[in-house]
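Below, each chain spelled out in residue letters.
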Amino acid sequence: MIFRQLFDSVSSTYSYLLASRQGGEALIIDPVLDKVERYLQLLRELDLKLIKALDTHVHADHITGLGALRDRTRCITVMGEQSKVDVVSVRVADGDRIEIEGLGLTAMHTPGHTDDSYCFVMEDRVFTGDTLLIRGTGRTDFQNGDALAQYDSLFNKLLKLPDDTLVYPAHDYKGDTVSTIGEERAHNPRLQAASPAEYVEIMNNLKLANPKMMDVAVPANLRVGLRQDEIEARGWSLDCSEAQRLLGSPEAVLVDLRDQAERRRHGEIPGSVHTPYGELADNLGPGGLLHELVAATGKRLVFYCAYGERSAMAVQMAQEAGLHESCHIKGGLDAWKHSGGALTQLAG
Ligand SMILES: [Fe+2]
């Protein structure tokens, strides 16, 4: 496995680059905007293809690299379903799996530092965001923080992991890089609280100044979505009512880009073809399923996904592959649902 702990000294943020092998797919956790060029260089040097970029929560102390990495690599952006960000490609809930080639993380919703805080568990280690720090815990006094919720997340979720689980936090201000669940249980001063009330008392009396970057970082981090209006300006978008009229039409084929787990949870638009976003490049090239379908039938490809982000990138890829009639449903299945569009539940 390739595992890199990367540090931003301005905000004392740790970001994590993971891959199962050189030459394979990669995932990054909590990337920092100012470090994006460094990440891209490292990806090139290790011959890795960035597939997914995730944030553990909306950060207040640095601007996320999620949007820039998506724009540079066409990777999928991932955050929790509670997050107030305008758009990410995929929103996960407690227990969801986030997979790339050879690696899988399990999302654990751990509200408290913020209401959208997640930890990500991978075999022997857990990426704890700002929920659990080395000998500390993330503050709970802004961004819908809640000390009581954090107590529950810590004691009833994170500390239930095996003692030897490695703890990789989103920050460290003292130079520590890694700990374990057992070590934190024994030596983290905040985890010595005898009751939820005592923990709340500690957290509500920290009297911390707001992070320097907060007024800049939070608004910026809430606007990470891909600018779908640029795709629209090129005439490559359909709104839901336009897409409704194409349902069952011999001229168009709806292409669902979501993963199977998302399809099972939310259903699909009737009559869709399923081509996961990660396999799109192969499908659009000569000999690929979608390429041959268009060549044989002259049909127009209408891509959709959860929120319109993957489908907007898919349209660009299809246009580049010479499939000039391709378009996407603006706002994705989320907008489709809100417009009352028909859905079919998947069997099983
Ligand atoms: Fe934070």
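In the block above lies the structure referred to throughout.
Parameters at a glance
Residues numbered from 1 in each chain as written. Predicted model: local features only at pLDDT ≥ 70, side-chain atom pairs only at ≥ 80, totals over all residues. Heavy atoms only, no water. Helix = DSSP H or I, 4+ residues; strand = E, 2+ residues; numbered from the N terminus. Rg over C-alpha atoms; globule rule 2.2 N^0.38 Å. Buried < 20%, exposed > 50% of the residue type's maximum accessible area, 1.4 Å probe, protein only. Contact = heavy atoms within 4.5 Å. Areas by Shrake-Rupley, 256 points an atom, 1.4 Å probe, with all protein chains shown as cover. Lys, Arg positive; Asp, Glu negative; His and termini not counted. Charge placed at Lys NZ, Arg CZ, Asp CG, Glu CD. Donors = N, O, S within 2.8 Å, 3.2 Å for Na, K, Ca; no water. Salt bridge = Lys/Arg side-chain N within 4 Å of Asp/Glu carboxyl O. Arc of directions from axis to C-beta. Pairing = 2+ DSSP bridges. Right-handed = clockwise from strand over helix to strand, strands pointing away. Polar contact = N/O pair within 3.5 Å; in protein donor to acceptor, adjacent residues only side chain to side chain.

Trainee: Give a description of the overall build of the protein that names residues and reports values.
Mentor: The number of helices and strands found in the protein is 13 helices and 19 strands. The globule rule puts the C-alpha radius of gyration for 348 residues at 20 Å, and the 21 Å found for the protein is close to it. Dimensions of the protein along its principal axes, counting C-alpha atoms only, are 65 × 45 × 40 Å. Counting over 348 residues, the protein shows a buried share of 55%. In the protein, of all internal contacts separated by at least 6 residues, the share reaching a separation of at least 24 is 64%. Total accessible area computed for the protein in this model is approximately 15,000 Å², and 50% of it derives from carbon and sulfur atoms. On the protein, the mean spot of the 36 positive side-chain charges and the mean spot of the 50 negative ones are 1 Å from each other.

Trainee: Provide a residue-level description of the coordination of the iron ion, including the pertinent values.
Mentor: Surrounding the iron ion are the protein donor atoms H57 (NE2), H113 (NE2) and D130 (OD), at 2.1 to 2.3 Å. Summarised as a motif, the one-chain spacing of the donors to the iron ion is H-x55-H-x16-D. Taken together, the residues span a long stretch of sequence, with H113 in the loop between β8 (103-109) and β9 (118-122) and D130 in the loop between β10 (125-129) and β11 (132-133) at a distance of 17 residues. The pair H113 / D130 is uniform in exposure class, with both members buried.

Trainee: Pulling in residues and values, what's your account of the pattern of salt bridges?
Mentor: Under the criterion given, the structure shown has 22 salt bridges. Note that R70 is salt-bridged to D71, the shortest N-O span being 3.0 Å. Residue classification places R70 among the buried residues on the basis of a relative accessible area of 2%. Owing to a relative accessible area of 51%, D71 belongs among the exposed residues under this scheme. Two residues, E232 and K330, come together in a salt bridge whose shortest N-O distance is 2.7 Å.

Trainee: Lay out helix α2 (residues 66-73) in plain terms, naming residues and giving numbers.
Mentor: Among the residues of α2, those classed as buried are L66, G67, L69 and R70. Buried residues along α2 cover an arc of 165° about the axis, so they all sit on one side. Among the structural elements, β3 (25-29), α1 (36-45), β4 (49-54), β5 (76-80) and α12 (309-320) are those in contact with the buried residues of α2. A positive backbone phi angle near 60° is found at R74, which sits one or two residues after α2.

Trainee: Could you give me a rundown of the pairing of β4, with the residues and numbers involved?
Mentor: A large share of β4 lies buried, amounting to five of its six residues. Pairing of β3 with β4, which is carried by five bridges, proceeds in the parallel orientation. Looking at β4, one finds that I29 is bridged to L54. Considered for its hand, the β-α-β crossover made up of β3, α1 and β4 is right-handed.

Trainee: I'd like to hear about the side chain of N188, residue by residue, with values.
Mentor: Locating N188 in the fold gives a position in the loop between α4 (181-187) and α5 (196-203). On the basis of relative accessibility, which here comes to 0%, the residue N188 falls in the buried class. Within the structure, N188 has its side chain in polar contact with the backbone nitrogen of R190 (distance 3.1 Å).

Trainee: Explain the pairing of β10 to me, and be specific about the residues and the numbers.
Mentor: Along β10, five of the five residues are buried, which leaves the element largely enclosed by surrounding structure. Of the two faces of β10, the one carrying R125, F127 and G129 and the one carrying V126 and T128 are both buried. Note: β9 against β10, three bridges, orientation antiparallel. Paired with V121 across the bridge in β10 is V126. Counting the residues that bridge the hairpin from β9 to β10 gives two residues, and of these E123 lies at a positive phi of roughly 45°. Taken together, the four bridges between β10 and strand β13 (residues 166-169) define a ladder with parallel strand orientation. Residue pairing for β13: R125 is matched across the bridge by L166.

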